[in-house]
Amino acid sequence: MVVGSHGRHCVVETPEGTRIICHPRGKKLGVVVGDRVRWQPSQDEGVIEAIDERRNLLYRQNELRTKSFAANLDQVLILVAAEPEFSEHQLARALIACEAEHIDPLIVLNKADLAAPFARAWQRLAPYRAMGYTVLPIAAKPRAAPAAAAVPAADAPPPCALEDLAARLHGHTTLILGPSGAGKSTLINRLVPGADVLTGEISQALNSGKHTTTTTTWYWLNAAKNGALIDSPGFQEFGLRHIDPMQLAAYMPDLKPHVAGCRFYNCTHLHEPGCGVIAAVDSTDKSAAGLQSISASRYRIYSDLFHELRDGKGLGKLTASG
């Protein structure tokens, strides 16, 4: 199994636990962390000959290139924080990519100890909780006892214990994605003691030097190897050019149920008369089927993404906080 990746080099772990640096045979053999591969020894390294069939592959694509995160995933942990303010557009993109590959997402909101910013962030995530996504509040960085002003607001929950999050990772292969400043490194080091040492060892083996941050790394959660966490960088932008704009609504759980109410089968949900999606935006009435309304912010995200994909751009920057 591939447990480390940096450019054309990767680290393969054998069933016995030995780790070997390997190189794919041929430029078209795109190997990613999580792949099961067949390899042969070559002097003190190895050559990957073939990749076993994948259950899934999470990747992003813009007009310039495709970037694969990892393969054979059970779930994706999308880490956002109360501060700095996260991009809802970027969160939506990651969720859509997960839906397209049938991978369960888990949204984790960090820095629950920052009362006012956390309350605002929790409220922004209300549409995602309403559509059935699991959203966990945590405080990944241990801090001194908070002052009275730092107690979570009444409309926001207290942080869950790190053990509760670890239990959700147990027995699963989980990719962790998060923007800069969300606390990803802190969380990984608390979930996997010594993770920074492992990262350094793999980077040294791959001779990646200062490019350590471009390395995708697999961490076993415990000695029994009954769960793993994959850290992958590159969340500063998340292109969805591989998504058909006419299929976009099907990957958004709050829009999807309303598509059946559209008058036209090829409705874009942007301007057509008799559109079930448009009618449901911020509607105060539930349909006979009890469907929830669509928030205006989520509909704006859909509209922006549809135009972006139709125009062939498919690129989203994390720097915007929309």
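Below or above, wherever it landed, is the structure these notes cover. (Residues numbered from 1 in each chain as written. Predicted model: local features only at pLDDT ≥ 70, side-chain atom pairs only at ≥ 80, totals over all residues. Heavy atoms only, no water.)

Brief notes about the pattern of salt bridges
Enumeration according to the criterion identifies 11 salt bridges in this entry. Two residues, Asp52 and Arg38, come together in a salt bridge whose shortest N-O distance is 3.1 Å. Note that Asp52 is positioned in the loop between β5 (45-51) and β6 (57-61) and Arg38 in strand β4 (residues 37-42), a separation of 14 residues in sequence. Its salt-bridge partner being Arg124, residue Glu85 comes within 4.0 Å of it at the nearest N-O pair. (Salt bridge = Lys/Arg side-chain N within 4 Å of Asp/Glu carboxyl O. Helix = DSSP H or I, 4+ residues; strand = E, 2+ residues; numbered from the N terminus.)

Quick notes on the sheet that holds β4
Strand order in this open sheet of 11 strands is β4-β5-β3-β2-β1-β12-β13-β11-β8-β9-β10, and the pairing throughout is mixed. The open sheet has two free edges, formed respectively by β4 and β10 (135-137), since each of these has just one partner strand. Within this sheet the neighbouring strands show an average axis-to-axis angle of 30°, counted without direction. Strands β8 (75-81), β9 (104-110), β10, β11 (173-177) and β13 (228-231) of the sheet are contacted by helix α4 (residues 162-169), whose axis makes an angle of about 150° with β8. (Pairing = 2+ DSSP bridges. Axes fitted to C-alpha atoms, helices over the stretch in contact; angles between N-to-C directions. Contact = heavy atoms within 4.5 Å.)

Details of helix α8 (residues 296-310)
In this model α8 runs 21 Å from its N-terminal to its C-terminal C-alpha over 15 residues, within 8% of the 21 Å that 1.5 Å per residue would give. Residues of α8 that are buried include every one of Arg298, Tyr299, Ile301, Tyr302, Ser303, Leu305, Phe306, Glu308 and Leu309, and no others. Contact partners of the buried residues in α8: α1 (88-100), α3 (126-130) and α7 (276-280). One or two positions beyond α8, positive phi appears at Gly312, with a value near 80°. (Expected span 1.5 Å × (residues − 1). Buried < 20%, exposed > 50% of the residue type's maximum accessible area, 1.4 Å probe, protein only.)

Examining the packing of α1 against α8
For the pair α1 and α8, the least separation of the axes is 10 Å and the interaxial angle reads 70°. Taken together, the axes of α1 and α8 lie roughly perpendicular to each other. Pair α1 / α8 crosses with right-handed handedness. On α8, the residues touching Glu88, His89, Ala92, Arg93 and Ile96 of α1 are Ser297, Arg298, Ile301, Asp304, Leu305 and Glu308. A per-class count over the contact of α1 with α8 returns four nonpolar, two polar and five charged. (Parallel < 35°, antiparallel > 145°, perpendicular 65-115°, else oblique. Left-handed = near helix turned anticlockwise from the far one by under 90°. Nonpolar A, V, L, I, M, F, W, Y, C, P; charged D, E, K, R; others polar.)

Examining the nonpolar core
Within the largest apolar cluster, 67 residues are counted, with the highest numbers of intra-cluster contacts made by Leu58, Val76, Ile107, Tyr128, Leu175 and Leu248. Listed in part, the 22 residues of the second largest apolar core include Leu136, Leu162, Leu165 and Ile188. (Core = buried A, V, L, I, M, F, W, Y, C linked by side-chain atoms within 4.5 Å.)

Concerning the packing of α4 against helix α5 (residues 184-191)
At a closest axis distance of 11 Å, the pairing of α4 and α5 adopts a crossing angle of 80°. Here α4 is positioned roughly perpendicular relative to α5, judged by the angle of their axes. On α5, the residues that touch Leu162, Leu165, Ala166 and Leu169 of α4 are Leu187, Arg190 and Leu191. Of the residues belonging to the contact of α4 with α5, the class tally is six nonpolar, no polar and one charged.

Description of unusual backbone geometry
A cis amide bond links Glu83 with the next residue in sequence, Pro84, at an omega value of -5°. Within the secondary structure layout, Pro84 lies in the loop between β8 and α1. Of note, Gln43 is a non-glycine position whose phi angle comes to about 55°, a positive value. Assessed through its relative accessible area of 81%, Gln43 is described here as exposed. For Lys111, which is not a glycine, the phi torsion comes out positive at approximately 70°. Accessibility expressed as a relative area gives 18% for Lys111, which makes it buried.

Description of the pairing of β9
With six of seven residues buried, β9 is to be regarded as a mostly interior element. Where β8 meets β9, seven bridges bridge the pair, whose relative direction is parallel. By the bridge assignment, Leu77 is partnered in β9 with Leu106. Taken together, β8, α1 and β9 constitute a β-α-β crossover, and its handedness is right-handed. In the sheet, β9 pairs with β10 via three bridges, with the strands oriented parallel. Bridge assignment links Val108 to a residue of β10, and that residue is Leu136. (Right-handed = clockwise from strand over helix to strand, strands pointing away.)

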